[in-house]
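# Observations on the model geometry
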Amino acid sequence: MTSLSRLSAATLLLMLAASSGAVAEKVEAIDLVWSAHRAFFDFVGQEDHQVIAYYDASRQMSVAHRESDSPWRYQKLPSYLGWDSHNLVVVGIDEAGYIHVAGNMHADPLVYFRSETAFNVRSLQKVATMVGGPAEEQVTYPHFFNGPDGRLYFKHRYGSSGNGVELYKVFDTATMEWRQLHETAFVDGEGERNGYFVGPQLERDGMFHLAWVWRETPSANTNHDLSYARSRDLLTWEASDGTPLALPIRLNTAEVVDAVQVGGGLLNGQTPLGLDSQGRPIIVYQKYGPDGNSQVFLSRRESFGWKSVQVSNIRDYRADLDRTGALALDLDTRSAPFVNQDEEIIVRARLRGDDLEFVLDSETLVVREQRGFDRYPESVEADDLNNGIQLHIRPLMVAGKASSEWFIAWEAQRPNRDRARETITAPSTLRIHFVPAE
């Protein structure tokens, strides 16, 4: 499985290697890593530099860097993972080459490191605050991303599940300081709810696109109202018809794509988006269908508004979302929709370990075909995925785009609702793979 938010769309761009039958020409071990529960790692690049952030076999936050084919340089950071699967680790590189690392937070005080020298992981130092204030005492879902000019942004939730706001910051390499991007929160749950976001994702139209769901309580069953916004500069935002959206965006001002009610099976973190051949936003998500089972849906912005269609016909699975914590579920819809060379819309999902691909007519959105596909190149398949162990992959992200040649892979147990297990599985090997382009 891949991670929340920016992990979903990127991973699927690597499928060309699997579908073409290509194998990795280069496979290299990076480190032994924690495997007793899933905690997502990160892999980013700039020019000839590659940086990986992960938790090693001792649960310690770790960073590896190399330039071109030079040896990897490692740095261990003073932060240790517990049992919370929300505590991902993320890395960003600003336009001057300084490395930024954050993670191991789920409504916790800011954990952030920055290099004192460009592209030098050995110079990473803990930085107590970015802009300071109460918002950095309760940080969740950290995420670095770059603008078209390379400028580095950071976003995170302040608050808790069912009660939070989304905040954006931007880094100034001239002053080596962060500042708040907006005068207010970007999205405000008004003390009654919070948003779970996928994006902002910079698309070929030069716009940042964002999709999210709202949640009323820590229970995933209270997700509702799939929403959307877009921006050209991250400062001013608008609905899909160009109507300006005042900040902070609230439930009563947001553009609702699909008004899924509480208890409707809408799942947070699994609302990836893309553009169709005409540049119209398309969003994949899951909710309960008319038969009560969990189903894959797609919504597209038409001239009259959003059109939503059921893509799958699952007959024997209904996700139990009336729970808290990181859930291990059998339907995954974190793969971004895309358009193939025939201008058909491709929707991908994973059900009980089987990868499904749906081919949709670009005009009617009717499903023309459902088929299986090979998600990973044969060379990266794990030797043994028993006892709940699953394979996780992460593509190299460069300027917000996923590489089709480089990615990391490791094995780890599924989430356990953020609770300790009775046993700890042996560490797995984090590997970097190079899959040559045809």
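Residues numbered from 1 in each chain as written. Predicted model: local features only at pLDDT ≥ 70, side-chain atom pairs only at ≥ 80, totals over all residues. Heavy atoms only, no water.

This model, assessed by the stated rule, comprises 28 salt bridges. Measuring nitrogen to oxygen at the nearest pair gives 2.9 Å for the salt bridge that ties aspartate 56 to lysine 76. One end of the pair, aspartate 56, is in the loop between strand 3 (49-55) and strand 4 (60-67); the other, lysine 76, is in strand 5 (residues 73-80), with 20 residues separating them in the sequence. Overall, the relative accessible area of 7% leaves aspartate 56 in the buried class. (Salt bridge = Lys/Arg side-chain N within 4 Å of Asp/Glu carboxyl O. Helix = DSSP H or I, 4+ residues; strand = E, 2+ residues; numbered from the N terminus. Buried < 20%, exposed > 50% of the residue type's maximum accessible area, 1.4 Å probe, protein only.)

Next up on the list: the sheet that holds strand 25 (residues 305-310). Strands sit in the order 22-23-24-25 across an open sheet of four strands; the sheet is antiparallel. Here the strands that pair on one side only, and so sit at the sheet edges, are strand 22 (273-275) and strand 25. The mean angle between the axes of side-by-side strands here comes to 30 degrees, regardless of whether they run parallel or antiparallel. Here three bridges tie strand 22 to strand 23 (residues 281-288), and the two strands are oriented antiparallel to one another. For leucine 275, the partnering residue across the bridge sits in strand 23 and is proline 281. (Pairing = 2+ DSSP bridges. Axes fitted to C-alpha atoms, helices over the stretch in contact; angles between N-to-C directions.)

Aromatic ring pairs: the centre-centre distance and the angle between the two ring planes describe each pair. Under the counting rule described, the total for this entry stands at 20 aromatic pairs. Residues phenylalanine 145 and phenylalanine 208 carry aromatic rings whose centres are separated by 6.3 Å and whose planes lie at 65 degrees to one another, so their mutual orientation is edge-to-face. Remark: phenylalanine 208 occurs in strand 17 (residues 208-215) and phenylalanine 145 occurs in strand 11 (residues 139-146); sequence separation between them is 63 residues. Grouping residues by exposure puts phenylalanine 145 and phenylalanine 208 together as buried. Ring pairs connect the aromatic residues Phe145, Tyr153, Tyr168, Phe186, Phe208 and Trp237, which therefore count as one cluster. Directly above the ring of tryptophan 83 sits arginine 59, whose terminal nitrogen or CZ lies 4.8 Å from the centroid. For arginine 318, the ring lying beneath its charged end belongs to tyrosine 288, and the centroid distance is 3.7 Å. (Phe/Tyr/Trp six-rings, centres within 6.5 Å; stacked < 30°, edge-to-face > 60°. Lys NZ or Arg CZ within 6 Å of the ring centre and 35° of its normal.)

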